[in-house]
Each structure stands twice: as C-alpha cells, then as structure tokens.
Amino acid sequence: MKIHLPNSAFIGNIDPFLKNIDFSDNQKLEITANQNWIAVHPVVLSMVAALGFPVKPKNIICKTLTAKSAHYLQRMGLFKFLGTESGINVEEHEPAGRFIPLTQIKNSEELSYFIKEIIPLLHLQPFQVDPIRYVVSELVRNVIEHAASQTGAIVSAQYYKKSNRIAIGIVDTGLGIKKTINQSYVANTHLEAIRLALIPGITGTTKREGGTEYNAGAGLFFIKTIAKVNHDFFMIYSGNALYKLLKTGSSKLHADPFDDNHSKSDSLPLWNGTVVGVDISLSETKEFSELLDLIRDVYSKTIKERRKARYKKPKFI
Amino acid sequence: MKIINIFRRVGSFAENKDIARDIRIKEIMPAIESGKNVILDFSNIDAATQSFMHALISDLIRKYGNEILDQINFKSCNENVQKIIMIVTDYMQEGI
C-alpha cells in the first residue's frame, strides 16, 4: 500500500488524497509526504494509522520527512502507533489541550474511559464538549457494534484555535457500511448504502420501524445534523464511495442526505471499512436543545412518510 | 415504587448502551412485571445519547405498548435529556 500526505488535506479538499491511496499489497505500507509542508485533518492520520496497524513495522517504509510541520505527525502519535521511527526530534510547540493523539478503542469500556478521561483534556466549556462526546460516543459505538473490525476504532482529534473548531477522525477497517446495511436493506452500491445509513430509522440490524431493542438507526443522522445546523463539514468514506456534507446551503434538515448540499463520489479506491471525519465549530455551536427540536420534527415526519409509503392503495374499479 | 438512579450507573454522561440494556432487563422490566411503577432518576445527568435512551426504554414501549409510559416517570431530567427521551418515545409510538 502507498499513501502520500499532501501539503493540505482537510475535509473540504480531501478528495485528491483519497484518490491517490494505493491499496495494493496490504503486507507493506509506504508513507511519503510533501517535502515542504504537511497540514492534514485528524481523519487522515486515523486512516494512515488504521492502514498501518496490521502491517509489520519492518514492512512500513516512511520516507524521510523534511517538512517543517512533520513534527505534528509525531505529536499525534503516528509513528508510535505504527511501531516505526520517524527520526524527528519533537520540539514542544503545541500546548496541552489542543489535540487528542491517535487512540485505539476496541470495546465499550475503553470508549467510556476515553469519553470520561481523554475528552476533558481538550479543556473546553461544557456546552462545547456536549457535541464532541456525543459524536465520539455514537460513532465509536457504531464501530464496536457493527464493523467487526479487528483493530476497533482509531480516533484522533485536533483543536484549531484560529478557526475555533475541533476536527475529529474516526476510522475502522471492518465490514464497511454496505455489508452492514445489506443485512436488512438492499443497497447495490456503496454510495447507496451510505445514503441509507444516514436516513433516520434505517439500521442494518432490522427492517422493523423503531429498530431493535439495541439499535434505532439514528446515530449517523444525529451526527450529520450536528454538522449541518452548525454549517460544518462531515464526511463518510466506505468502499469506493465518499459522501461529503458541505458547509454551505440552508440549515433546513432533510432526512435524505442527498437533499442536503453535498458532494459525492463512487469511484475512489476501495476502503475496506468506514472512515468518518467531522468538524465542529465551537464558536457557532447551535444550542444542542434547539438541534434536538429540529431532529424530533424531521424524525417524526420521516417515519410517518415511510409508514404512508407502505399503505396499501384501495382499488377503484 | 422502584426508583432507579441513572447517575450512579453511568456517571454524568449517559452513553453506555450496555449498561442501559442491563438496567432495563434487570431492573425496570422485573419491576413492571410485578406491577410496580418505576421512577428513572436522571439527577446529575448532564447529557444522554439517543442510543443510550433507545437501549433503556424502546423495548418497553414495543413490548408493553405506549401504556407503559403511565407506569414510568422520568425524574429531574434537564432540557436536553427530556428532549432525547421525547424523540425516542415519539418514534417508538409512531412505529407501533
């Protein structure tokens, strides 16, 4: 496998980075990077870590990183995660409380510990922490429950002071959304599977309205909504498909993610598993309670419409 | 009357679905089936996820119908926790 870290890869401009990943020969991983500058979203680092984790450290080749900003990869724990040496001497530039380094979460207990002990290290206000722990909890639980990923979820986050936003990346190398959704619904493509997974009330565990006693199929819809109402980026990459919620467009909530202002692609290299990246603007975070009102409205309407669509029509002869 | 303190089980952020399911199966359902009313006490809970609340109460509505909501009281919920509960009770009743 080959992965190249460009000078810039955030959710808004991540597509070329994804297109250039080479997944051939999964016994080896070659990491190269822009020689002058590397500035990447945590989701990119989570992806590199997830790809490299099963590879023997001796089979991971990391080209000498010359970019001035390469120490960031070291601070985020990438080389420690991969079991390789970077040759970079870290200068302590980043003050504490700006990032959550790459962390592997394999089960419910580790997730609870992460939420209780690690997220507070970001030193944010309670109203800012609510959406972050919500997003992390729901996404990582999806991985634990549905992905069957041997490496669990690989999580990392970064706070950007200038834009006052937090960027979160949660990645797994499990079944992927299509296989999970296909257990209950027909999705012929990875993109269609992502679309279904984002619609409230649709879960791979059952076709029954209301879900099972354990799953409702609402988690991803909630997270997309948090991003949408705050005009933040949100992306899901699974199989060969990418869905990206764009920052622009109205705040009106839609049950169908394709009705939101978005970009999509279904011709990317095949990612076995699921990659989720989300940005949360902390200065513009809409009150969580307002957001819940919106969700309640849309959720109810969606279920009513879905029930109505199943009504049998009377035959008039 | 059975009173269940949620904070003691999950801390201030109610997100652990495994614990929610345990509370439902081991505490709420036996109480309901023996004819008791249940108070779910959310004192000191700052926030809860929809998944937690779903695992806690959805199957009660599915098994016993929406009349079960006459037997359960949700105590000391903040505004957000109340709204999460309402989302779950709404979609479960609409799905019945």
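Rules behind the numbers
Residues numbered from 1 in each chain as written. Chains lettered and ligands numbered in written order. Predicted model: local features only at pLDDT ≥ 70, side-chain atom pairs only at ≥ 80, totals over all residues. Heavy atoms only, no water. Helix = DSSP H or I, 4+ residues; strand = E, 2+ residues; numbered from the N terminus. Expected span 1.5 Å × (residues − 1). Buried < 20%, exposed > 50% of the residue type's maximum accessible area, 1.4 Å probe, protein only. Contact = heavy atoms within 4.5 Å. Core = buried A, V, L, I, M, F, W, Y, C linked by side-chain atoms within 4.5 Å. Pairing = 2+ DSSP bridges. Axes fitted to C-alpha atoms, helices over the stretch in contact; angles between N-to-C directions. Phe/Tyr/Trp six-rings, centres within 6.5 Å; stacked < 30°, edge-to-face > 60°. Lys NZ or Arg CZ within 6 Å of the ring centre and 35° of its normal. UniProt positions renumbered as here; feature names shortened; annotations may be inferred. Buried area = accessible area lost by both parts, 1.4 Å probe. Salt bridge = Lys/Arg side-chain N within 4 Å of Asp/Glu carboxyl O. Polar contact = N/O pair within 3.5 Å; in protein donor to acceptor, adjacent residues only side chain to side chain.

Engineer: Hey, could you go over helix 10 (residues 288-309) of chain A for me, with residue numbers and the actual values?
Structural biologist: For helix 10 of chain A, which comprises 22 residues, the first-to-last C-alpha distance of 31 Å matches the rise-based estimate of 32 Å (1.5 Å per residue) to within 8%. Every buried residue of helix 10 of chain A is listed here: A:Phe288, A:Ser289, A:Leu291, A:Leu292, A:Ile295, A:Val298, A:Tyr299, A:Ser300, A:Thr302, A:Ile303 and A:Arg306. Residues of helix 10 of chain A that are buried sit in contact with helix 6 (126-147) and helix 9 (219-229) of chain A together with helix 4 (79-95) of chain B.

Engineer: How would you explain the side chain of B:Asp90 if you had to name every residue and give the values?
Structural biologist: Along the polypeptide, B:Asp90 turns up in helix 4. Judged by its relative accessible area of 17%, B:Asp90 falls in the buried class. Ignoring any residue separated from it by four or fewer positions in sequence, one finds B:Asp90 in contact with A:Arg296 and A:Ser300.

Engineer: Before we move on, can you summarise the nonpolar core with the specific residues and values?
Structural biologist: Judged by nonpolar contacts, the single largest core of 98 residues is most densely connected at B:Met53 and B:Leu56. For B:Leu56, the residues in contact, after removing those within four places along its chain, are B:Ile6, B:Ala20, B:Ile23, B:Arg24, B:Ile28, B:Leu40 and B:Phe42.

Engineer: Tell me about the sheet that holds strand 3 (residues 38-41) of chain B, and name the residues and values.
Structural biologist: All names here are of chain B. Taken together, the three strands give an open sheet; going across it, the order is 1-3-5, and neighbouring strands pair in parallel fashion. Looking at strand neighbours, the two that pair on one side only are strand 1 (2-5) and strand 5 (72-75), the edges of this open sheet. Neighbouring strand axes in the sheet, compared pairwise and without regard to direction, differ in orientation by 20 degrees on average. Bridge count for strand 1 against strand 3 is four bridges, and the pairing is parallel. Looking across to strand 3, one finds that Lys-2 is bridged to Val-38.

Engineer: Explain the packing of aromatic side chains to me, and be specific about the residues and the numbers.
Structural biologist: This structure, assessed with the given rule, holds nine aromatic pairs over all chains. When the ring of A:Tyr134 is compared with that of A:Phe222, the centres are 5.7 Å apart and the planes differ by 10 degrees; the resulting orientation is stacked. Of this pair, A:Tyr134 sits in helix 6 while A:Phe222 sits in helix 9, placing them 88 residues apart in sequence. As far as burial versus exposure is concerned, A:Tyr134 and A:Phe222 are alike and both buried. Considering the side-chain rings of A:Tyr299 and B:Tyr91, the 4.7 Å spacing of their centres and the 20 degrees angle between planes classify their relative orientation as stacked. Of this pair, A:Tyr299 sits in helix 10 while B:Tyr91 sits in helix 4, on two different chains. As far as burial versus exposure is concerned, A:Tyr299 and B:Tyr91 are alike and both buried. The structure contains a cluster of three or more aromatic residues connected by ring pairs, namely A:Phe23, A:Tyr237 and A:Trp271. Directly above the ring of A:Phe258 sits A:Arg195, whose terminal nitrogen or CZ lies 5.8 Å from the centroid. Above the ring of A:Tyr214, the side-chain terminus of B:Arg21 is found at 4.1 Å from the ring centroid.

Engineer: Which residues make up the UniProt feature "domain: DUF4325" (unreviewed entry) in chain B, and what are the values?
Structural biologist: Here, UniProt's "domain: DUF4325" (unreviewed entry) annotation points to residues 28-82 of chain B. In this annotation, residues 28-82 of chain B is assigned 45% helix and 18% strand; the end-to-end C-alpha distance for the span is 19 Å.

Engineer: Could you give me a rundown of the interface of chain A and chain B, with the residues and numbers involved?
Structural biologist: Counting residues at the interface gives 34 residues for chain A and 31 residues for chain B. Between chain A and chain B lies a buried interface of about 2,800 Å² when both sides are counted; carbon and sulfur atoms form 49% of it. Per-residue buried area on chain A facing chain B is highest for A:Glu213, A:Tyr214 and A:Arg296; these three make up 25% of the total on that side. Between A:Lys304 and B:Glu94 there is a salt bridge, and its shortest N-O distance comes to 3.8 Å. Connecting chain A to chain B are 22 residue pairs in polar contact (both at pLDDT 80 or more). For the side of chain A that touches chain B, the elements supplying multiple residues, two or more each, are helix 5 (108-118), helix 6, helix 9 and helix 10 of chain A.

Engineer: If you had to explain the sheet that holds strand 11 (residues 262-265) of chain A to someone new, which residues and values would you point to?
Structural biologist: Strand pairing in a sheet is mediated by backbone hydrogen bonds. Such pairs are either parallel or antiparallel. Residue and element names in this part refer to chain A. Across the sheet, seven strands lie side by side as 6-7-8-12-9-10-11; this open sheet has antiparallel pairing. Both outer strands of the open sheet, strand 6 (99-105) and strand 11, are each paired with one neighbouring strand and no more. Averaged over all pairs of adjacent strands, the angle between strand axes in this sheet comes to 10 degrees, irrespective of strand direction. The pairing of strand 6 with strand 7 (residues 153-160) spans five bridges and is classified as antiparallel. Following the sheet pairing, Ile-100 is matched in strand 7 by Ala-157. Here helix 6 sits on the sheet in contact with strand 6, strand 7, strand 8 (165-172) and strand 12 (271-281), set at roughly 5 degrees to strand 8.

Engineer: Could you give me a rundown of helix 6 of chain A, with the residues and numbers involved?
Structural biologist: All names here are of chain A. Over its 22 residues, helix 6 extends 30 Å from the first C-alpha to the last, a length consistent with the 32 Å expected when each residue adds 1.5 Å. Counting buried residues in helix 6 gives 17 out of 22 residues, a clear majority hidden from the surface. The positive-phi residue at the C-terminal boundary of helix 6 is Ala-148, with phi of around 50 degrees.

Engineer: Which residues make up the pattern of salt bridges, and what are the values?
Structural biologist: Under the definition given, this model contains 22 salt bridges over all chains. Here B:Glu27 and B:Lys2 are joined by a salt bridge, their closest N and O atoms 3.8 Å apart. In this pair, B:Glu27 is assigned in helix 2 (residues 17-33) and B:Lys2 in strand 1, connecting sequence segments 25 residues apart. Judged by its relative accessible area of 18%, B:Glu27 is buried. When its relative accessible area of 27% is taken as the criterion, B:Lys2 is described as partly exposed. A single network of salt bridges, built from pairs that share partners, joins A:Glu213, B:Arg21, B:Arg24, B:Asp59, B:Arg62 and B:Lys63.

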